[in-house]
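# Examining the three-dimensional arrangement
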Amino acid sequence: MKRSFYHYLMTLRGPNSSDEEQVFANQASKDIQFPKQSENYEEISDYLEMNVNYLDNMDIFDRIWQKYLENNR
C-alpha cells in the first residue's frame, strides 16, 4: 500500500535543528492544514508555496519528494 507524502515525511522527524529535512518534517508535523493524505506533487508543492513560512527553500521539498518516490514504490 502506498503511503502519503506526509506519512513518509513524518519518518524524517528528529532533534537535529541543523538538518534541513528534519526541521521541515518537525514543522510540517505541527501544521494542521498540511495535505496529509496527498500523494500528488503539484497539490503539496502549491500548498507549501502559498501557505507556509517554515520552508525556506523548495529545494528541500524537492529532495525529500525524490526520496519519497524511491521509497514508495
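Residues numbered from 1 in each chain as written. Predicted model: local features only at pLDDT ≥ 70, side-chain atom pairs only at ≥ 80, totals over all residues. Heavy atoms only, no water.

## So, the overall build of the protein chain
Regarding its fold elements, the protein chain presents 4 helices and 0 strands. From first element to last, N terminus to C terminus, the protein chain shows the α and β order α-α-α-α. Scaling as 2.2 N^0.38, a compact globule of 73 residues should have a C-alpha radius of gyration of about 11 Å, and the protein chain matches this with 11 Å. Principal-axis analysis of the C-alpha atoms places the extent of the protein chain at approximately 30 × 25 × 20 Å. Scored against the burial criterion, the 73 residues of the protein chain give a buried share of 41%. Total accessible area on the protein chain stands at roughly 4800 Å², and carbon and sulfur atoms take up 44% of it. Measuring between centres, the 8 positive side-chain charges of the protein chain sit 9 Å from its 13 negative side-chain charges. (Helix = DSSP H or I, 4+ residues; strand = E, 2+ residues; numbered from the N terminus. Rg over C-alpha atoms; globule rule 2.2 N^0.38 Å. Buried < 20%, exposed > 50% of the residue type's maximum accessible area, 1.4 Å probe, protein only. Areas by Shrake-Rupley, 256 points an atom, 1.4 Å probe, with all protein chains shown as cover. Lys, Arg positive; Asp, Glu negative; His and termini not counted. Charge placed at Lys NZ, Arg CZ, Asp CG, Glu CD.)

## Here we look at the packing of helix H2 (residues 20-29) against helix H4 (residues 58-71)
The axes of two packed helices give the description: the angle between them and the distance between them. Relative to each other, H2 and H4 sit at 90°, their axes nearing to 10 Å. In terms of orientation, H2 and H4 fall into the roughly perpendicular class. Between H2 and H4, the residues in contact are Glu20, Glu21 and Phe24 and Ile60, Phe61, Arg63, Ile64 and Lys67, respectively. Of the residues belonging to the contact of H2 with H4, the class tally is 4 nonpolar, no polar and 4 charged. (Axes fitted to C-alpha atoms, helices over the stretch in contact; angles between N-to-C directions. Parallel < 35°, antiparallel > 145°, perpendicular 65-115°, else oblique. Contact = heavy atoms within 4.5 Å. Nonpolar A, V, L, I, M, F, W, Y, C, P; charged D, E, K, R; others polar.)

## Focus: the UniProt feature "domain: YozE SAM-like" (unreviewed entry) in the protein chain
Under the present numbering, the feature "domain: YozE SAM-like" (unreviewed entry) in UniProt falls on residues 4-70. Between the C-alpha atoms that bound residues 4-70 the distance is 13 Å, and the span itself is 60% helix and 0% strand. (UniProt positions renumbered as here; feature names shortened; annotations may be inferred.)

## Considering the nonpolar core
Ranked by internal contacts, the top residues of the largest apolar core, which has 21 residues, are Phe5, Leu9, Phe24, Phe34 and Leu48. At the level of elements, helix H1 (5-10), H2, helix H3 (41-51) and H4 are the ones that each hand at least two residues to this core. Setting aside chain neighbours within four positions, we find Phe24 in contact with Phe5, Leu9, Leu48, Tyr54, Leu55, Ile60, Phe61 and Ile64. (Core = buried A, V, L, I, M, F, W, Y, C linked by side-chain atoms within 4.5 Å.)

## A look at the environment of Ser29
Of note, Ser29 is situated in helix H2. Between the C-alpha atoms of Ser29 and Phe5, which are 24 residues apart in sequence, the distance is 12 Å. Those residues within four positions of Ser29 in sequence are excluded, and the remaining contacts are Tyr6, Met10 and Arg13.

## A word on a negative patch on the surface
On the surface, a cluster of negative charge is made up of Glu42, Glu43, Asp46 and Glu49. Its location among the elements puts Glu49 in helix H3. (Patch = residues over 30% accessible without salt bridge, like charges linked within 9 Å, V, L, I, M, F, W, Y side chains within 5 Å. Salt bridge = Lys/Arg side-chain N within 4 Å of Asp/Glu carboxyl O.)

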